[in-house]
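What follows is the residue order along each chain.
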Amino acid sequence: MTFGTVCVIGASVAGLLAARALADHARRVVLLERDVLAAGPVGHTSVPQGRHGHFLQPNALEQLEDWFPGFTDDAVARGAVPAPPGHHRLYMNSEPMADWDATLLTASRPFLEQRIRSRVTGIAGVEVRHVVATGLRYRDKAVAGVAHRTPGGPATERVLEADLTVDAMGRGTSLVRWLEQGGFPALPVQWVPVGIGYTTALFRRSPDDLSPTISCALDQFTPGVDGRGLAAVAVYAIEGDLWQVVGMAYGRDREDATVKDLRGLCAGLPDIFRKATAGEPVGGAETYFYTDNRRRRVADLERFPAGLVDIGDAVATSNPIHGIGMASAVKQASVLADFLAGNSDPAGRTADFLRMREAVVDEAWTDG
Ligand SMILES: Cc1cc2nc3c(=O)[nH]c(=O)nc-3n(C[C@H](O)[C@H](O)[C@H](O)COP(=O)(O)OP(=O)(O)OC[C@H]3O[C@@H](n4cnc5c(N)ncnc54)[C@H](O)[C@@H]3O)c2cc1C
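Every value quoted in this text rests on a predicted model; they were computed, and no experiment measured them.

Criteria and thresholds
Residues numbered from 1 in each chain as written. Predicted model: local features only at pLDDT ≥ 70, side-chain atom pairs only at ≥ 80, totals over all residues. Heavy atoms only, no water. Phe/Tyr/Trp six-rings, centres within 6.5 Å; stacked < 30°, edge-to-face > 60°. Helix = DSSP H or I, 4+ residues; strand = E, 2+ residues; numbered from the N terminus. Buried < 20%, exposed > 50% of the residue type's maximum accessible area, 1.4 Å probe, protein only. Lys NZ or Arg CZ within 6 Å of the ring centre and 35° of its normal. Core = buried A, V, L, I, M, F, W, Y, C linked by side-chain atoms within 4.5 Å. Domains from an automatic or database assignment. Contact = heavy atoms within 4.5 Å. Axes fitted to C-alpha atoms, helices over the stretch in contact; angles between N-to-C directions. Parallel < 35°, antiparallel > 145°, perpendicular 65-115°, else oblique. Left-handed = near helix turned anticlockwise from the far one by under 90°. Buried area = accessible area lost by both parts, 1.4 Å probe. Near = heavy atom within 4 Å. Polar contact = N/O pair within 3.5 Å; in protein donor to acceptor, adjacent residues only side chain to side chain. Areas by Shrake-Rupley, 256 points an atom, 1.4 Å probe, with all protein chains shown as cover. Pairing = 2+ DSSP bridges.

Observations concerning the packing of aromatic side chains
Per the counting criterion, the structure on display carries five aromatic pairs. Ring centres 5.7 Å apart and planes at 50° place the aromatic pair F339 and F353 in the tilted group. Here F353 lies in helix α9 (residues 350-364) and F339 lies in helix α8 (residues 325-341), a separation of 14 residues in the sequence. Taken as a pair, F339 and F353 share a single burial class, namely buried. A cation over an aromatic ring shows up here: K141 above the ring of F184, its NZ or CZ 5.2 Å from the ring centre. The ring of W243 has R205 sitting right over it, with the charged end atom 5.8 Å from the ring centre.

What follows is the structure, encoded as structure tokens:
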């Protein structure tokens, strides 16, 4: 084993996948997570986007299957919905478009995350600790551990010594501040305004409903001239015999939208959209406003501590309408796996990983 203990801060999708890659090279992988993680497919506080439809790119599903053999069958047995070619419908301005030539898997985001979590925590040596990370500890300008404390408990800090630390804290990562505290240069951050509002609601679906399992009506993928306008509506068949219906619109800043609004929107779209919203709603509509794409240009830094890497939304977030965040986390974890496999001193050469990983981040990065 290359490492004794490695620490991953954040046990959401990117952190769990990093843990999967690290588990092949470390005796102990400790994930630090500030949220309470329920045993079932339930969302958690710091991932509010989890209440909204998450499209899993087919190549990401293939990689998950490689890491966790039987992932798809297991997910389907628990209620996720397979969507082979012929089970998707795409429309542009209500005109049908060519379907995807791929098998997709549709499920809610908490379901997908929980299925990944259950596989990762089943690996010997992997554990999740319910603590909040509060800072990095440095030794000879390298990260040597992570300070943490009990959420809501006394301010007493403990330190987990680690041979390698992974920042998977998501888009609100504290890394910029923590690097500065360690005497490292300020991390350059790039911001691109987007301003897209999401409204999602769930509706009961008859279990024998043979409709297409995924449908998207794309009005336009980019904002209109005034930065406003409907972007897309997506309908996914998900676990629990539900339809997850998502409306995405540019420029509607935190405007509350209701189940009635979603039904009104779908009334003007092809049949499947009306049908999906005709069933009994389960709960109310959830809204989320995504302000900007954000990229922390770690690879541009002249000095970055050894013993530290970052992954997932902590590195970059792209307009969610493209549905690539989880797939990018999968690819980044895959680069991490390759880097670990081909390196005799990975903790000392983390700058190599950051450089290798740039192409994957570039691929997912969008200018709006
Ligand atoms: C509205 C919306 C829709 C989206 N739709 C899609 C989609 O269709 N398809 C897709 O692939 N992607 C989608 N995404 C992107 C996707 O949600 C993310 O890319 C994905 O969740 C990866 O996130 P992550 O694990 O890097 O970070 P997060 O999911 O944000 O998780 C970060 C974790 O770190 C923990 N944490 C943070 N700080 C600390 C600390 N100090 N101590 C301990 N724990 C800490 C948090 O509690 C959290 O669990 C969407 C995003 C949004 C906003």
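Structure's up, so let's keep going.
Focus: the nonpolar core
With 71 residues, the main nonpolar core has L17, L22 and V29 as its most contacted residues. Here this core gets ten residues from one element, more than from any other, and that element is α8. Viewed by domain, this core spans two of them, domain 1 (3-48 + 113-190 + 295-364) and domain 2 (67-108 + 192-292), each represented by three or more residues. Ignoring anything within four residues of it in the chain, the contact list for L22 reads F3, V6, V8, V29, L164, V166, L336 and L340. One finds A83, V194, C216 and M248 within the second-largest nonpolar core, a separate group that totals 20 residues.

Brief notes about the packing of helix α2 (residues 58-67) against α8
α8 packs onto α2 with a crossing angle of 45° between their chain directions and a minimal axis gap of 9 Å. With respect to α8, the element α2 is oriented oblique. The element α2 and its partner α8 pack so that their crossing is left-handed. Across the interface between the two elements, N59, A60, Q63, L64 and W67 of α2 pack against A327, V330, K331, A333 and S334 of α8.

Examining the domain arrangement of the chain
Considered domain by domain, the chain is made up of domain 1 (3-48 + 113-190 + 295-364) and domain 2 (67-108 + 192-292). Listed as interface residues are 18 residues of domain 1 and, on the opposing side, 20 residues of domain 2. Counting each side, the surface lost to burial between domain 1 and domain 2 is near 1700 Å², with a carbon and sulfur contribution of 63%. Three residues, R115, R119 and I321, lead the burial of domain 1 against domain 2; their summed loss comes to 38% of the area buried on that side.

With respect to the site of the ligand
Residues in contact with the ligand amount to 33 residues; listed here are only the nearest, S12, E33, F55, R109 and D313. One nitrogen or oxygen atom from the side chain of Q49 is found 3.1 Å from an oxygen atom belonging to the ligand. For the ligand, an oxygen atom lies 2.7 Å from a polar atom in the backbone of F55. Starting from 1000 Å² of accessible surface for the ligand in isolation, the protein chains cover 96%. Of all the secondary structure elements, the ones that give two or more residues to the shell around the ligand are α1 (13-23), β2 (26-33), β8 (132-139) and α8.

A word on the sheet that holds strand β1 (residues 3-9)
Spatial ordering of the open sheet is given by β7-β2-β1-β11-β17, a layout of five strands whose pairing is parallel. This sheet does not close on itself; its edge strands, each paired only once, are β7 (126-130) and β17 (308-310). Pairs of neighbouring strands in the sheet enclose a mean axial angle of 20°, with direction left out of account. Sheet topology places strand β11 (residues 164-167) next to β17; three bridges connect them, and they run parallel. Residue pairing for β17: T165 is matched across the bridge by L308. Taken strand by strand, α1 contacts β1, β2, β7 and β11, and its axis lies near 170° from that of β2.

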